[in-house]
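Report on the structure
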Amino acid sequence: MTIEHPAERGGAGRDRFAAFAERASNVTSSPLFYVLCVVLVLGMVVVHLMHLPLHWLVFAGDVMTAVNLLLLALLKNTERRATHAIQAKLDAIAELMLEQREGTGHRAADELRRAIGMEEGQ
């Protein structure tokens, strides 16, 4: 386990968690997932209205808390990857503009091409 930022880890490809987080982000942003969340909330209301025993109320609350915690972790991962990709693109653009102004090499253009493809996992 590492505490480095996911986008700063070495290696040619993306790790399994990054790929999983990307797929999960796509699923959780879909209308079908929204409907599932509405069903979960309605289920909580029904559990309370039925006056079920306390252990069922606690179980329903625990399920909602677990779903909330998992979604929060996925949201934070997606946010950090997006922020890092934007920053890398801005850095590459700034470096390219500086190279063009100074008339130096073309290394920044290659870096910009690489930064533009970051979200596709390249």
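Heads up: these notes are all about the structure in this document. Throughout, a residue's number is its position along its own chain's written sequence, starting from 1. Thresholds applied to this predicted model are a pLDDT of at least 70 for local features of residues and 80 or more for the giving and counting of side-chain atom pairs; totals over whole chains, interfaces and linings are not thresholded and use all residues. Excluded from the side-chain calculations are hydrogens and water; all other atoms, namely the structure's heavy atoms, are used.

1. As for the packing of aromatic side chains
- Here is the rule: rings of Phe, Tyr and Trp (six-membered ring for Trp) pair when centre to centre is within 6.5 Å. Planes less than 30 degrees apart are stacked, more than 60 are edge-to-face, and the remainder are tilted. Tallied over the entire structure, the rule returns 2 aromatic pairs.
- Residues Phe-17 and Phe-20 carry aromatic rings whose centres are separated by 6.3 Å and whose planes lie at 45° to one another, so their mutual orientation is tilted. In this pair, Phe-17 and Phe-20 are both assigned in helix H1 (residues 16-28), 3 residues apart and thus about one turn of the helix distant.
- Taken together, a centroid distance of 6.2 Å and an interplanar angle of 90° make the contact between Trp-56 and Phe-59 edge-to-face. Here Trp-56 and its partner Phe-59 are both found in helix H3 (residues 54-102), 3 residues apart, which amounts to about one turn of the helix.
- The exposure class of Phe-59 is partly exposed, given its relative accessible area of 49%. Counting from the N terminus, the helices are DSSP H or I runs at least four residues long and the strands are E runs at least two residues long. Burial classes: relative accessible area under 20% of the type maximum marks a residue as buried, over 50% as exposed, and values in between as partly exposed (1.4 Å probe, protein chains only).

2. Some words on the packing of helix H2 (residues 31-49) against H3
- At a minimum axis separation of 9 Å, H2 and H3 run at an interaxial angle of 155°. When the axis of H2 is compared with that of H3, the two are roughly antiparallel. Helix-helix and strand crossings are classified by hand; for H2 and H3 the assignment is left-handed. Touching Phe-33, Leu-40, Val-41, Met-44, Val-47 and His-48 of H2 are Trp-56, Leu-57, Ala-60, Gly-61, Met-64 and Leu-71, all from H3.
- Of the residues that constitute the contact of H2 with H3, the class distribution is 10 nonpolar, 2 polar and no charged. Between N-to-C directions, angles span 0 to 180 degrees; the directions come from axes that are lines fitted to C-alpha atoms, helices contributing only their stretch in contact. Here roughly perpendicular refers to angles of 65 to 115 degrees, roughly parallel to angles under 35, roughly antiparallel to angles over 145, and oblique to all remaining angles. By definition, any crossing whose near helix is turned counterclockwise from its far helix by less than a right angle is left-handed, and any crossing with a clockwise turn is right-handed. Any two residues whose heavy atoms approach within 4.5 Å at even a single point are treated as in contact. Residues are grouped as follows: Ala, Val, Leu, Ile, Met, Phe, Trp, Tyr, Cys and Pro are nonpolar; Asp, Glu, Lys and Arg are charged; every other residue, Gly included, is polar.

3. Some words on the pattern of salt bridges
- The rule for a salt bridge is simple: a side-chain nitrogen of Lys or Arg has to be within 4 Å of a carboxyl oxygen of Asp or Glu. Under the counting rule described, the total for this entry stands at 2 salt bridges.
- In this structure, Glu-22 and Arg-81 form a salt bridge, with 2.7 Å as the shortest nitrogen-oxygen distance. Pair noted here: Glu-22 is in helix H1 and Arg-81 is in helix H3, with a separation of 59 residues, a long-range link.
- Glu-22 gets classed as partly exposed once you look at its relative accessible area, which sits at 27%.
- Between Glu-79 and Lys-76 there is a salt bridge, and its shortest N-O distance comes to 3.7 Å. Of this pair, Glu-79 and Lys-76 both sit in helix H3, 3 residues apart, which is roughly one turn of that helix.
- The class of Lys-76 is partly exposed, set by a relative accessible area of 43%.

4. Quick notes on the packing of H1 against H3
- In the contact formed by H1 and H3, the axes pass within 10 Å of each other and the chain directions differ by 110°. Viewed along their axes, H1 and H3 adopt a mutual orientation that is roughly perpendicular. Counting all contacts with H1, which are made through Phe-17, Ala-18, Phe-20, Ala-21, Glu-22, Ala-24, Ser-25 and Thr-28, the residues of H3 involved are Leu-71, Leu-74, Asn-77, Thr-78 and Arg-81.
- Of the residues contributing to the contact of H1 with H3, the split by class is 7 nonpolar, 4 polar and 2 charged.

5. Examining H2
- Between the first and last residue of a helix there are one fewer steps than residues, each counted as 1.5 Å, and that sum is the expected span. Between its first and last C-alpha atoms H2 spans 27 Å; for 19 residues at 1.5 Å apiece the expected length is 27 Å, and the two agree.
- Taken residue by residue, H2 has Phe-33, Met-44 and Val-47 as its buried positions. Seen from one end, H2 has its buried residues packed into an arc of 65°, which puts them on one side. Exposed residues pointing more than 90 degrees away from the buried face of H2 are listed as Pro-31, Leu-32, Tyr-34, Leu-42 and Leu-49.
- Where the residues of H2 are buried, they touch H1 and H3.
- Downstream of H2 by a residue or two, His-51 has a phi angle that is positive, lying close to 55°. Throughout, the arc means that of the directions going from the helix axis to the C-beta atoms.

By themselves, these observations are geometric and do not establish any function.
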